Amino acid sequence: MFEQIKERIFKELGLQERESGTYYGEWALIEGKDVIESYSPINGKLLGKVTKATEEEYETVVVNALAAYKEWTQIPAPKRGLIIKEVGKELEKYKEILGLLVTLEGGKTISEGQGEIQEAIDIADFAVGLSRQLYGVTIASEREDHRMYEQWLPLGVIGEITSFNFPVAVWSWNAFIAAVVGNVIIWKPSSKTPLCAVATSHIINTVLSRYNLKPIFYVVSGDGSFLGDKISQDPRIPLVSFTGSTVTGKKTGEHVARRFGKSILELGGNNAAIVSQHTVDMKMALKGVAFGAMATAGQRCTSTRRLILQEDIYDHFLEKLKGIYDNISVGNPLDPKILVGPLIDETAVQAYERAIQKAKEEGGKLISGGERVYPTDCEKGTYVRPTIIEAHKDMSIVQEETFAPILYVIKYKDLEDAIDIHNAVPQGLSSAIFSNNLQEVTYFLSQKGSDCGIANVNTGTAGAEIGGAFGGEKETGGGRESGSDAWKGYARRQTVTINYGNDVPLSQGVEFTI
Ligand code: UN1
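Residues numbered from 1 in each chain as written. Predicted model: local features only at pLDDT ≥ 70, side-chain atom pairs only at ≥ 80, totals over all residues. Heavy atoms only, no water.

*Asks:* Explanation requested: the site of the ligand in the structure shown.
*Replies:* With respect to spatial proximity, the complete set of residues near the ligand consists of Glu-119, Asn-165, Phe-166, Trp-173, Glu-266, Arg-300, Cys-301, Thr-302, Ala-462, Gly-463, Ala-464 and Phe-470. At 2.8 Å from an oxygen atom of the ligand is found a main-chain nitrogen or oxygen belonging to Gly-463. In the complex, 99% of the free accessible area of the ligand, which totals 320 Å², lies under the protein chains. (Near = heavy atom within 4 Å. Polar contact = N/O pair within 3.5 Å; in protein donor to acceptor, adjacent residues only side chain to side chain. Areas by Shrake-Rupley, 256 points an atom, 1.4 Å probe, with all protein chains shown as cover.)

*Asks:* Mind showing me how you'd approach the environment of Thr-402 here?
*Replies:* Within the secondary structure, Thr-402 is located in the loop between β16 (387–390) and β17 (406–412). Owing to a relative accessible area of 9%, Thr-402 belongs among the buried residues under this scheme. The spatial distance from the C-alpha of Thr-402 to the C-alpha of Asn-270 is 8.5 Å, given a sequence separation of 132 residues. (Helix = DSSP H or I, 4+ residues; strand = E, 2+ residues; numbered from the N terminus. Buried < 20%, exposed > 50% of the residue type's maximum accessible area, 1.4 Å probe, protein only.)

*Asks:* Hey, could you run me through the sheet that holds strand β7 (residues 184–188) in this one?
*Replies:* Adjacent strands of a sheet pair through backbone hydrogen bonds, lying either parallel or antiparallel. Taking strand neighbours across the sheet as the criterion, the five strands line up as β8-β7-β6-β9-β10 in an open arrangement whose pairing is parallel. Every interior strand has two partners, whereas the edge strands, β8 (217–219) and β10 (262–266), have only one. Pairs of neighbouring strands in the sheet enclose a mean axial angle of 20°, with direction left out of account. As judged from the five bridges shared by strand β9 (residues 239–243) and β10, these two strands associate in the parallel manner. Among the inter-strand pairings, Leu-239 is bridged to a residue of β10, identified as Lys-262. (Pairing = 2+ DSSP bridges. Axes fitted to C-alpha atoms, helices over the stretch in contact; angles between N-to-C directions.)

*Asks:* What exactly am I supposed to notice about the nonpolar core here?
*Replies:* Soluble globular proteins tend to bury their nonpolar side chains together. With 151 residues, the main nonpolar core has Phe-176, Phe-217 and Phe-317 as its most contacted residues. Among all residues touching Phe-317, those that are not within four sequence positions of it are Val-275, Met-282, Ala-285, Leu-286, Val-289, Leu-307 and Leu-309. (Core = buried A, V, L, I, M, F, W, Y, C linked by side-chain atoms within 4.5 Å. Contact = heavy atoms within 4.5 Å.)

*Asks:* Would you take a moment to explain the packing of aromatic side chains for this structure?
*Replies:* Centre-to-centre distance and the angle between the planes together describe a pair of aromatic rings. Per the stated rule, a full pass over the model turns up nine aromatic pairs. Ring geometry for Phe-176 and Phe-217: centres 6.0 Å apart, planes at 65°, overall edge-to-face. In this pair, Phe-176 is assigned in helix α6 (residues 169–181) and Phe-217 in strand β8, connecting sequence segments 41 residues apart. Phe-217 sits in the buried class, given a relative accessible area of 2%. Taken together, the ring pairs connect Trp-171, Phe-176, Trp-187 and Phe-217 into an aromatic cluster. (Phe/Tyr/Trp six-rings, centres within 6.5 Å; stacked < 30°, edge-to-face > 60°.)

*Asks:* Would you mind showing me how to read a nonpolar patch on the surface here?
*Replies:* On the surface, Val-504, Leu-506, Val-510, Phe-512 and Ile-514 cluster together into a nonpolar patch covering about 610 Å² of accessible area. Take Leu-506: it is sitting in the segment after β24 (491–499). (Patch = residues over 30% accessible without salt bridge, like charges linked within 9 Å, V, L, I, M, F, W, Y side chains within 5 Å. Salt bridge = Lys/Arg side-chain N within 4 Å of Asp/Glu carboxyl O.)

*Asks:* When you look at the side chain of Lys-108 in this model, what are you seeing that I'm missing?
*Replies:* Following the sequence through the fold, Lys-108 ends up in the loop between α4 (95–106) and α5 (110–130). Excluding residues that lie within four positions of it along the chain, Lys-108 makes contacts with Val-102, Thr-103, Gly-113, Glu-116, Asn-165, Phe-166, Thr-296 and Pro-333.

*Asks:* Help me out: how do you make sense of the sheet that holds strand β1 (residues 18–19) in this one?
*Replies:* Across the sheet, three strands lie side by side as β1-β3-β2; this open sheet has mixed pairing. With one partner strand each, in any of the chains shown, β1 and β2 (35–39) form the two edges of the open sheet. Of the strand pairs in this sheet, β1 and strand β3 (residues 46–51) are connected by two bridges, and their pairing is parallel. The residue of β3 that forms the bridge with Glu-19 is Val-50.

*Asks:* Please clarify how the pairing of strand β12 (residues 304–310) should be interpreted in this entry.
*Replies:* Each regular strand shows side chains that alternate between the opposite faces of the sheet. Taking burial as the measure, the seven residues of β12 include seven buried ones, the bulk of the element. Here strand β11 (residues 271–275) runs beside β12; their pairing, made up of five bridges, is parallel. The residue bridging Val-275 from the neighbouring strand is Leu-309, located in β12. Each parallel crossover has a hand, and the one from β11 via helix α10 (residues 282–294) to β12 is right-handed. (Right-handed = clockwise from strand over helix to strand, strands pointing away.)

*Asks:* How do you make sense of the side chain of Thr-302 when you look at a structure like this?
*Replies:* With respect to the helices and strands, Thr-302 occurs in the loop between α10 and β12. Setting aside residues up to four positions removed in sequence, Thr-302 forms contacts with Asn-271, Leu-429, Ser-430, Thr-461, Ala-462, Gly-463 and Phe-470.

*Asks:* Even after reading the chapter, I still don't get empty space enclosed by the protein, so can you show me in this structure?
*Replies:* In this approach the atoms are scanned with a rolling probe the size of a water molecule, which exposes any empty space left behind. One pass over the structure, following the stated rule, counts two cavities of 30 Å³ or more. In terms of lining, the largest cavity is formed by Asn-270, Asn-271, Ala-272, Arg-306, His-422, Val-425, Gln-427, Gly-428, Leu-429, Ser-430, Asp-451 and Cys-452. Among the elements of the structure, β11 and β18 (427–428) are those that each provide at least two residues to the lining of the largest cavity. Grouping the constituent residues of the lining of the largest cavity by class yields four nonpolar, six polar and two charged. Counted as a void, the second largest cavity has a volume near 30 Å³. (1 Å grid on protein atoms, 1.4 Å probe; cavity = no way out; pocket = protein on both sides within 12 Å on 5 of 7 lines; lining within 4 Å. Points joined across faces, edges and corners; volume = space filled by probe spheres on them. Nonpolar A, V, L, I, M, F, W, Y, C, P; charged D, E, K, R; others polar.)

*Asks:* What is the right way to look at helix α3 (residues 77–93) in this model?
*Replies:* Residue pairs spaced three or four apart in an α-helix point in one direction, given the helix's 3.6 residues per turn. With 17 residues, α3 should reach 24 Å at 1.5 Å per residue; the first-to-last C-alpha distance of 25 Å fits that figure. Burial in α3 covers these residues: Ala-77, Arg-80, Gly-81, Ile-83, Ile-84, Glu-86, Val-87, Gly-88, Glu-90 and Leu-91. Each element contacted by the buried residues of α3 is listed here: α2 (55–72), α4, α5, α6, α7 (194–210) and β8. (Expected span 1.5 Å × (residues − 1).)

This is the structure:
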């Protein structure tokens, strides 16, 4: 099954065993270059090799992107939107096959792989509408015959560093929005999913050439330590959007800040769901928690990592949840019945094992899972059983984001207690409460409640829609991407004052007579 699907993907997406990973208007030469090897987490097989950008190639990318910016930024925003509309249509044509590549290279289930491309198509639609709504406000001037307003102008060439877990969608959140605002994008994809980036770029670049436009979506592949540093330290790149770990994000943010660049950071999450005794429908809460904790094998920034459970329903709810975990299908994600696929690689399995070990040492009690599994048709894959651990809030491992399906369950008495536990971690991305009690829900949503960028009521922490601004507080980095007015992050605000009178009156009543 695997080989046939791989063959189909490579044929339909025009991929070769060895691909260029650098696009500077054309794909850089392959010969004599170092490569990233891309292995499928499904069975550990080599999928393909993608060349790394050299120093000179990086330079060509930036120079060409700067030239393209001059052209792109002069196109009226609604017309830029029409190009992104075509990009969205192109992605729609390739949705099934590109989604399958996400499954093969990233290990997502079929449904999630397809959802990933749908998310990119949705953001293209959103960006098209936005291209006619890049509004600024007008301001009443205190001076006679003066007019004031704000306008939002593009920044220039944007650097985008993405993670393996949403190898297409998160790139599109930034790239399509930045593009309608008038920017040009240089993408450094994760070295764990380089083929997804190459294939996506092949598809979308055909649109720009169809319109005889210079490319606006550039790609550089390679090690984060080299390319990530280059991008974050390059003064020609006024904004860097980074998705990934808090540790790397901190370094990136510092590099960018040192040169007064802007950054949009979407870093670690340590998301919790509170399940209250006032939850009327336990099945809803069970589904919300199970999906949040196990989808994408716990490798979403939004994955539910902590379940904060009220003491009156604790035993009953945990028993039901254990039942779901004990029976969940873990295995080859190419099988549409499978709900939990592999972790991305061996390092991720080690992190999973280490976290469980540490949790046990700190007094955690294993309720379900806790071990690596070797499904029959893919023994060399990196599969683990989703895991539940009874924990207490003071355990240090509970403070950490382990990118794996481990759910720590913590008991609470009253809501204040639950919120204390909820907010007592360094990260602040997504949060959820399951409750039908209005007072409780409103408290959770109040200033005293969840300290996260995203708050959900009776739905889980994972699976945000593109229409909302996505991002979080504290160590999550504070950035906002995707919907709402997150587009402003890709623009510079200019306050404009026009005097249409015959004098120069001064604000604040200041006199200056010459
Ligand atoms: C991420 O994990 O970086 O909300 C993004 C979600 C997805 C996006 C997650 N729509 O779970």
